[in-house]
Amino acid sequence: DAGITQSPRYKITETGRQVTLMCHQTWSHSYMFWYRQDLGHGLRLIYYSAAADITDKGEVPDGYVVSRSKTENFPLTLESATRSQTSVYFCASRGLVNTEAFFGQGTRLTVV
Amino acid sequence: AQRVTQPEKLLSVFKGAPVELKCNYSYSGSPELFWYVQYSRQRLQLLLRHISRESIKGFTADLNKGETSFHLKKPFAQEEDSAMYYCALRETNAGGTSYGKLTFGQGTILTVHP
């Protein structure tokens, strides 16, 4: 399927564990983003990437790591999960020239 | 730094009534403004962008640079409009090139009652 997909859709993990959320897009979009969605805060940018091997911090990067070895993939890793990282995570991508951003279906992560 | 404010967390109206979702922004440059909608348990999708000046699903939004606002309006709300609405800002440089990052407001949950 063409588009942007996230996996897993749902994840429960324990405090202190490492967990990786996957994001894959088939458009060869240059830009990719990770947001977390929390009530009262809206969507907050965690990390973004302008191209393969180019990443930068967003508003709330602490506790997260990203990589982008291939244009189509942008995994987000929680190195040592904490309860405060319980959230819905959205990945997004957009092309190079002023186009709209497309979002994945989201990953609902619960840290217990 | 840029900021987007949606003052209403919740907004309830009856079917057929007009609805206005407020959005104010602060940004020193020339912004691009968007409205995104998220229906229950679905992904975010673009509803409107200010540069398009179009009406989607009966919704319109006008960028008011003097008031730094981008309110979303619909004259007659429908039950299927019930959703979470996000206002978002994208930075651009002096040449109009976008850096790509979107800054979102806190979101407004719209409920349209029958």
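The following paragraphs examine the structure supplied in this document. Since this is a predicted model, take the numbers as computed values, not measurements. (Residues numbered from 1 in each chain as written. Chains lettered and ligands numbered in written order. Predicted model: local features only at pLDDT ≥ 70, side-chain atom pairs only at ≥ 80, totals over all residues. Heavy atoms only, no water.)

1. Description of the overall build of chain A
Working step 1: Each helix and strand counted, chain A has 0 helices and 11 strands in total.
Working step 2: In chain A, the succession of helices and strands from N to C terminus is β-β-β-β-β-β-β-β-β-β-β.
Working step 3: For 112 residues, the compact-globule estimate of 2.2 N^0.38 gives 13 Å, and the C-alpha radius of gyration of chain A, at 13 Å, lies within 12% of that figure.
Working step 4: Each of the three principal axes of chain A carries a C-alpha extent, and together these read 40 × 25 × 25 Å.
Working step 5: Relative to its 112 residues, chain A shows a buried fraction of 49%.
Working step 6: Nonlocal contacts in chain A, meaning residues at least 24 apart in sequence, comprise 55% of its contacts between residues at least 6 apart.
Working step 7: Counting every atom, chain A has about 5,300 Å² of accessible surface; 49% of that belongs to carbon and sulfur. (Helix = DSSP H or I, 4+ residues; strand = E, 2+ residues; numbered from the N terminus. Rg over C-alpha atoms; globule rule 2.2 N^0.38 Å. Buried < 20%, exposed > 50% of the residue type's maximum accessible area, 1.4 Å probe, protein only. Contact = heavy atoms within 4.5 Å. Areas by Shrake-Rupley, 256 points an atom, 1.4 Å probe, with all protein chains shown as cover.)

2. Things to note about the sheet that holds strand β1 (residues 4–7) of chain A
All names here are of chain A.
Working step 1: As summarised here, the arrangement of the 4 strands in space is β1-β3-β8-β7, forming an open sheet in which the pairing is antiparallel. The open sheet is flanked by β1 and β7 (64–66), the only strands paired with a single partner. Ignoring which end each strand starts from, the neighbouring axes of this sheet average 20 degrees apart.
Working step 2: Strand direction decides the pairing type here: β7 and strand β8 (residues 76–78), joined by 3 bridges, are antiparallel. Bridged to Val-66 within β8 is Leu-76. (Pairing = 2+ DSSP bridges. Axes fitted to C-alpha atoms, helices over the stretch in contact; angles between N-to-C directions.)

3. Thoughts on the state of the cysteines
Residue and element names in this part refer to chain A.
Working step 1: Scanning the model with the defined rule gives 2 disulfides over all chains in all.
Working step 2: Each disulfide pairs two cysteine sulfurs, and for Cys-23 the partner residue is Cys-91, the sulfurs being separated by 1.8 Å. The S-S bond linking Cys-23 to Cys-91 shows a torsion near -75 degrees; that makes this disulfide left-handed. With Cys-23 in strand β3 (residues 19–25) and Cys-91 in strand β9 (residues 87–94), this pair connects stretches of sequence that are 68 residues apart. (Disulfide = S-S within 2.5 Å.)

4. Comments concerning the pattern of salt bridges
Working step 1: According to the stated counting rule, one finds 8 salt bridges over all chains in the structure shown.
Working step 2: Across the pair B:Arg49 and A:Glu100 runs a salt bridge, and its minimum N-O distance is 3.8 Å. Placement of B:Arg49 in strand β6 (residues 45–49) and of A:Glu100 in the loop between β9 and β10 (102–103) is noted, with the two residues assigned to different chains.
Working step 3: With relative accessibility at 15%, the residue B:Arg49 sits in the buried group.
Working step 4: The class of A:Glu100 is partly exposed, set by a relative accessible area of 21%. (Salt bridge = Lys/Arg side-chain N within 4 Å of Asp/Glu carboxyl O.)

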